[in-house]
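Examination of the molecular architecture
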2 protein chains.
Amino acid sequence: MTDHERLSGFLQDHGIQPSAQRVAIARFVLHTDRHPTADEVLAEVRRDFPMVSRATVYNTIRLFMEKGLLRIHQLEGGVAVCDANTARHHHFIDEDTGEIVDVPWDAVDVGRLDELAGLSVDSWMVVMRGRRRREPPSRD
Amino acid sequence: MTDHERLSGFLQDHGIQPSAQRVAIARFVLHTDRHPTADEVLAEVRRDFPMVSRATVYNTIRLFMEKGLLRIHQLEGGVAVCDANTARHHHFIDEDTGEIVDVPWDAVDVGRLDELAGLSVDSWMVVMRGRRRREPPSRD
DNA sequence: TTCCAGTTTTAGACATATTCTAAAATCAAA
DNA sequence: TTTGATTTTAGAATATGTCTAAAACTGGAA
């Protein structure tokens, strides 16, 4: 079973009619943790599929979001980014590079959210800002 | 001492040369908790000061931010909003109305942020989504 | 006061991100 | 096949925000 067939089946299982463009877009956007913008998705998909249009990328990203395959976040600089990690998690933004990093749900303790007078909280996320630590020089 | 004089002095104290436009913008944007967008600031300021230009509003909001009088957040729908609450706090977004509500820093417990491998966290904020609770009918 | 240099404001051009539109291409089912 | 619905497309339209260059204004020096 080819990669293409597997992805086609996956899209169908989520109520999405597969097409060559949708599979090409899914192949990238559903398997990256780089939080790409729509234009980054377009650029990446065009490497293998040069004829895909910008409108199709926007349409497909929205379709994937409506079907629950990804989320769209507005965290930085007026640009929407795709996040194929649909499990609950937090986000860290590197203020030097703009890079967005997923932070596991259990890595942070959040408490007392139910006691907010007048607000009924359905979901939440911690947005952290800072800098990625330089890796200590490896010793191999 | 007029309101205008008081605001002029406040701006000067923060290294900002006062002007009629800057005072008019400050009067609104530094005293609201409505998290207005730039265009909402423009509309509001024009009610009293019809000649103010869009460019001046954008310039002034940026100036106020650089001088630490407000922050700019991108929380929803690709629009930047002004937040004159410069103390640490969290945000609640009403998913029905888009309304943004400040949540006091101490109303939420957040812990264990320092233990994130490879990430040096300088600041953080909890972003909550849900619905404002309907006020129970008052009994007066 | 009047002048001047620096600052502020302005309209409109530009840039960027996203959505819309209407026509062409493609597809699935009969 | 044909057909009718779906998908894709280029480009127009919209929205938010920045830039530019000229005009207006300001505070101090003369």
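What counts and what doesn't
- Residues numbered from 1 in each chain as written.
- Chains lettered and ligands numbered in written order.
- Predicted model: local features only at pLDDT ≥ 70, side-chain atom pairs only at ≥ 80, totals over all residues.
- Heavy atoms only, no water.
- Least-squares fit on C-alpha atoms with pLDDT ≥ 70 in both.
- Contact = heavy atoms within 4.5 Å.
- Near = heavy atom within 4 Å.
- Polar contact = N/O pair within 3.5 Å; in protein donor to acceptor, adjacent residues only side chain to side chain.
- Helix = DSSP H or I, 4+ residues; strand = E, 2+ residues; numbered from the N terminus.
- Nonpolar A, V, L, I, M, F, W, Y, C, P; charged D, E, K, R; others polar.
- Buried area = accessible area lost by both parts, 1.4 Å probe.
- Salt bridge = Lys/Arg side-chain N within 4 Å of Asp/Glu carboxyl O.
- Pairing = 2+ DSSP bridges.
- Core = buried A, V, L, I, M, F, W, Y, C linked by side-chain atoms within 4.5 Å.
- Buried < 20%, exposed > 50% of the residue type's maximum accessible area, 1.4 Å probe, protein only.
- Domains from an automatic or database assignment.
- Phe/Tyr/Trp six-rings, centres within 6.5 Å; stacked < 30°, edge-to-face > 60°.
- Lys NZ or Arg CZ within 6 Å of the ring centre and 35° of its normal.
- Arc of directions from axis to C-beta.

This part covers the relation of the copies chain B and chain A. When chain B is fitted onto chain A, the two copies agree to an RMSD of 0.1 Å after a turn of 179° and an axial shift of 0.0 Å. On this basis, the relationship between the two copies can be described by a two-fold rotation axis. Comparing contact sets, 100% of the residues at the interface of chain B also lie at the interface in chain A, consistent with an isologous, same-surface contact.

On to the protein's contact with DNA strand D. Surveying the vicinity of DNA strand D reveals 16 residues, the closest of which are Ser19, Gln21, Met51 and Thr56 of chain A together with Ala80 of chain B. Close to the protein, within 4 Å, the atoms of DNA strand D are drawn from sugar and phosphate at a rate of 81%. At 2.9 Å from a phosphate oxygen of DNA strand D is found a side-chain nitrogen or oxygen belonging to arginine 22 of chain A. Alanine 80 of chain B is positioned with one of its backbone polar atoms (N or O) 2.7 Å from a phosphate oxygen of DNA strand D. Those elements that provide at least two residues to the surface near DNA strand D are helix H2 (20–29) and helix H4 (54–66) of chain A together with helix H4 (54–66) and strand E2 (79–83) of chain B. Taken together, the residues of the surface near DNA strand D break down into 7 nonpolar, 6 polar and 3 charged.

With that out of the way, let us pick up the protein's contact with DNA strand C. Near DNA strand C you find 19 residues, and of these Ala80 of chain A together with Ser19, Gln21, Met51 and Thr56 of chain B are the closest. A distance of 2.8 Å separates a sugar or linking oxygen of DNA strand C from a polar atom in the side chain of glutamine 21 of chain B. One of the side-chain nitrogen or oxygen atoms of threonine 56 of chain B is found 2.7 Å away from a phosphate oxygen of DNA strand C. Elements represented by at least two residues in the surface near DNA strand C include exactly H4 and strand E2 (79–83) of chain A together with helix H2 (20–29) and H4 of chain B. With 4 residues, the top contributor of residues to the surface near DNA strand C is H4 of chain A. Partitioning the surface near DNA strand C into residue classes produces 7 nonpolar, 8 polar and 4 charged.

To continue, consider the interface of chain B and chain A. On the side of chain A, 34 residues touch chain B, which itself brings 34 residues to the contact. Taken over both partners, the interface formed by chain B and chain A buries close to 2900 Å², and the fraction arising from carbon and sulfur atoms is 50%. Linking aspartate 122 of chain B and arginine 131 of chain A is a salt bridge whose minimum nitrogen-to-oxygen distance equals 3.2 Å. Between chain B and chain A we count 21 residue pairs in polar contact (both at pLDDT 80 or more) in total. Those elements giving two or more residues to the side of chain B that touches chain A turn out to be strand E1 (71–76), strand E5 (109–111) and strand E6 (119–132) of chain B.

Residue and element names in this part refer to chain A. Strand direction decides the pairing type here: strand E3 (residues 89–94) and strand E4 (residues 100–104), joined by 5 bridges, are antiparallel. For histidine 89, the partnering residue across the bridge sits in E4 and is proline 104. Counted along the chain from E3 to the antiparallel partner E4, the turn is 5 residues long, and its residue glycine 98 has a positive phi close to 80°.

This part is about the nonpolar core. Residues and elements named next belong to chain A. Residues Ile25, Val29, Leu30, Val41 and Phe64 are the most contacted members of the largest nonpolar core, which totals 23 residues. Of all the elements in the fold, those that place two or more residues in this core are helix H1 (3–13), H2, helix H3 (38–48) and H4. In terms of residue count, H2 provides more of this core than any other element does, 6 residues in total.

Turning our attention to the environment of histidine 73 of chain A. Here histidine 73 of chain A is to be found in strand E1 (residues 71–76). Here aspartate 83 of chain A takes part through its side chain, which lies 3.1 Å from a polar atom of the side chain of histidine 73 of chain A.

We now examine the domain arrangement of chain A. Residues and elements named next belong to chain A. What the domain assignment lists for chain A is domain 1 (3–83) and domain 2 (89–130). Inter-centroid distance (C-alpha atoms) of domain 1 to domain 2 is 24 Å. The interface is formed by 7 residues belonging to domain 1 together with 9 residues belonging to domain 2. Here domain 1 meets domain 2 over a buried area of about 650 Å², counting both sides, of which 63% is carbon and sulfur. When the buried area of domain 1 at its contact with domain 2 is split by residue, His35, Leu75 and Glu76 rank highest and sum to 71% of it.

This part covers the packing of aromatic side chains. Applying the stated rule across the entire model yields 2 aromatic pairs over all chains. Their ring planes at 45° and their centres at 5.6 Å tell us that tryptophan 105 of chain A and tryptophan 124 of chain A sit as a pair that is tilted. Placement of tryptophan 105 of chain A in the loop between E4 and strand E5 (109–111) and of tryptophan 124 of chain A in strand E6 (residues 119–132) is noted, with a sequence separation of 19 residues between them. For the cation-ring pair, arginine 88 of chain B lies above tryptophan 124 of chain B, with the distance from its terminal atom to the ring centre recorded as 5.9 Å.

In this section: helix H3 (residues 38–48) of chain B. Residue and element names in this part refer to chain B. Within H3 the residues assigned to the buried category are Ala38, Val41, Leu42 and Val45. Buried residues of H3, viewed axially, fall in a sector of 100°; they line one side. Looking at the packing, one finds that the buried side of H3 touches H2, H4 and E2.

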